[in-house]
Amino acid sequence: MSATRVASDRRWWALSVLSITQLVVVLDATIVAIALPYMQNDLGISDADKQWVLTAYTLIFGGLLLLGGRLADYLGRRRILLVGLIGFAVSSALAGLADTAGLLFAGRALQGLFGALLAPAALSLVSLTFTETKERARAFAVYGAVSGAGSAIGLIGGGVLTEYASWRWCLLVNTPIALAAAAAAVVVVIKDVPAKRTGGYDLPGAVCVTAALVAIVYGCNRAAEDGWTAASTLTLLVGGSALLALFVFIESRVANPLLPLRIPGETNRGGAFLIALLVPIAIFAMFLFLTYYFQQTLGYSPLKAGCAFLPFPAGVLVAAGVASKLLPQVGPRILLLVGTLLGAAGLIFLAQLEFGDGYAQVVLPAQIIFALGVALVFVAMQPTALHSIDDRDIGVASGLLNAVQQVGASIGTALLTTIAVQAMKEYATSHPPEPTLPAKAAIHSYTVGFYWGAGFCVVAAIVVALTIRVKPKDLVTEPERLAAVVD
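Residues numbered from 1 in each chain as written. Predicted model: local features only at pLDDT ≥ 70, side-chain atom pairs only at ≥ 80, totals over all residues. Heavy atoms only, no water.

S.K.: Report on the overall build of the protein, specifying residues and quantitative values.
M.R.: Scanning the protein from N- to C-terminus turns up 19 helices and zero strands. C-alpha atoms of the protein, sized along the principal axes, occupy 70 × 50 × 50 Å. Of all 487 residues assigned to the protein, the portion counted as buried reaches 57%. Looking at the protein alone, contacts between residues at least 24 apart form 84% of all its contacts between residues at least 6 apart. If you sum the accessible surface of the protein, you get close to 18,600 Å²; carbon and sulfur atoms cover 68% of it. Charged side chains in the protein number 30 positive and 27 negative. The centres of these two groups are separated by 8 Å. (Helix = DSSP H or I, 4+ residues; strand = E, 2+ residues; numbered from the N terminus. Buried < 20%, exposed > 50% of the residue type's maximum accessible area, 1.4 Å probe, protein only. Contact = heavy atoms within 4.5 Å. Areas by Shrake-Rupley, 256 points an atom, 1.4 Å probe, with all protein chains shown as cover. Lys, Arg positive; Asp, Glu negative; His and termini not counted. Charge placed at Lys NZ, Arg CZ, Asp CG, Glu CD.)

Here it is in structure tokens:
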């Protein structure tokens, strides 16, 4: 076998490892959702504290992504990937074997910490590994499909493991996967050259942005519980926004910033980051309300509810393959426009759901349409967010991309929950009492949430039209700049 063939095979094996890494990070935010009642019962977790099973992970993960990306740049992306995988394996075992609520929360927080190392390191390595245009497009298609479908796969996996094994396996399953991925990464993942650091670490910026992201993500979580006008919610959101403004000021003044403002300041990249903020809001509109619809309205078991989401990841995987072939030919602008509009169409279709409708009438075709749109968006969004990025900044840019997606997901969950609850109350009070009123009010609240999600997709389409200008020829020369980063 030729050296070229061996190198090519190694790249695709590396992509498998990096995609599995991303899948573990993404699905871990949702895999415990269906198992939450069982965890609560076994460990005696109060209703007030049960949110920390999810929040402990998302807070630390979202808050440390930028720092994790910069550490990957300075210390080496593969090195940080290996540290993250081993740490994620250990913390998953700690959470899965926990016999108290405190240990479970601590394990979930540690998962978030090591996930914040893994996500930017893995995306950086995908960009550095593939230096031929068509292969690069295919690699981003696979990685984008995993990112887009990971949350749904988490719900499916959580349903299967909870019903046939134990809630503990929703966490323990990560340990052998992460350890196997770490062992494989040593063999197949390229060893990159860390960026040269001319000054010290930007500690004020790191502390400021971490506190800002934690406050914003937690503020959104509190909004889902207490409402947007509650003092706790407003304090967190205003404080987080003020810290974010202070972070921007610090970055514009320090000699060696954590996040150079040139990264989001370039028009194409800035547009991609905005899209990455908006589209997860729409994605969580689908997941959030369909989860309620399947289990509360249709009476599905956890396993059946998880399997009812299967058309979504299946559609994402198929469409991503098509998008990978189109990306080098038409560029990201067309794919992003079509993808965001398809996403809006799928959610508008879902919003036609009425009392008495079955799964196949509305939910199935709507999921497929929405999945096609999400696949196109993720395949085109990630290379656009890393377009023309300096090799020394690729890790922190990857961290920023993951961070805005995390913030978008948190905002979406809180905002749409609040809107849906209000819509349900208004429907219930404006219609005469009858036996089916609660179910009809619930479905009405879901449809309102779907319309709002579609609106965010339309806003994302407008952002695409105004900001994305990357041409197909730009994608041809893109990988050549990064060749020197590979050892």
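S.K.: I'd like a rundown of the packing of helix 14 (residues 311-330) against helix 15 (residues 332-350), residues and numbers included.
M.R.: Each pair of packed helices gets described by two things: the angle between the helix axes and the distance between those axes. Packing of helix 14 against helix 15 leaves a shortest axis separation of 7 Å and a crossing angle of 130 degrees. One element, helix 14, and the other, helix 15, form an angle in the oblique class. Across the interface between the two elements, A323, L326, L327 and V330 of helix 14 pack against P332, I334 and L335 of helix 15. Tallied by class, the residues present in the contact of helix 14 with helix 15 amount to seven nonpolar, no polar and no charged. (Axes fitted to C-alpha atoms, helices over the stretch in contact; angles between N-to-C directions. Parallel < 35°, antiparallel > 145°, perpendicular 65-115°, else oblique. Nonpolar A, V, L, I, M, F, W, Y, C, P; charged D, E, K, R; others polar.)

S.K.: A description of unusual backbone geometry should follow, citing residues and the corresponding values.
M.R.: A positive phi is found at S388, a non-glycine position, where the angle reads about 55 degrees. Its location among the elements puts S388 in the loop between helix 16 (359-385) and helix 17 (394-430). Judged by its relative accessible area of 35%, S388 is partly exposed.

S.K.: Talk me through the pattern of salt bridges; I want residue IDs and the actual numbers.
M.R.: Oppositely charged side chains can form a pair if their charged atoms are brought close together. Tallying each qualifying case throughout the model produces eight salt bridges. For E135, the salt bridge goes to R11, with nearest N and O atoms at 3.0 Å. In this pair, E135 is assigned in helix 6 (residues 133-164) and R11 in helix 1 (residues 3-27), connecting sequence segments 124 residues apart. What makes E135 buried here is its relative accessible area of 15%. Measuring nitrogen to oxygen at the nearest pair gives 3.2 Å for the salt bridge that ties R77 to D192. On the criterion of sequence distance, the pair formed by R77 in helix 4 (residues 77-96) and D192 in the loop between helix 8 (174-188) and helix 9 (203-226) is long-range, its members being 115 residues apart. In terms of burial, R77 and D192 fall into one category: buried. Taken together, the shared-partner salt bridges in this structure form one network comprising R70, D73, R77, D192, R262 and D393. (Salt bridge = Lys/Arg side-chain N within 4 Å of Asp/Glu carboxyl O.)

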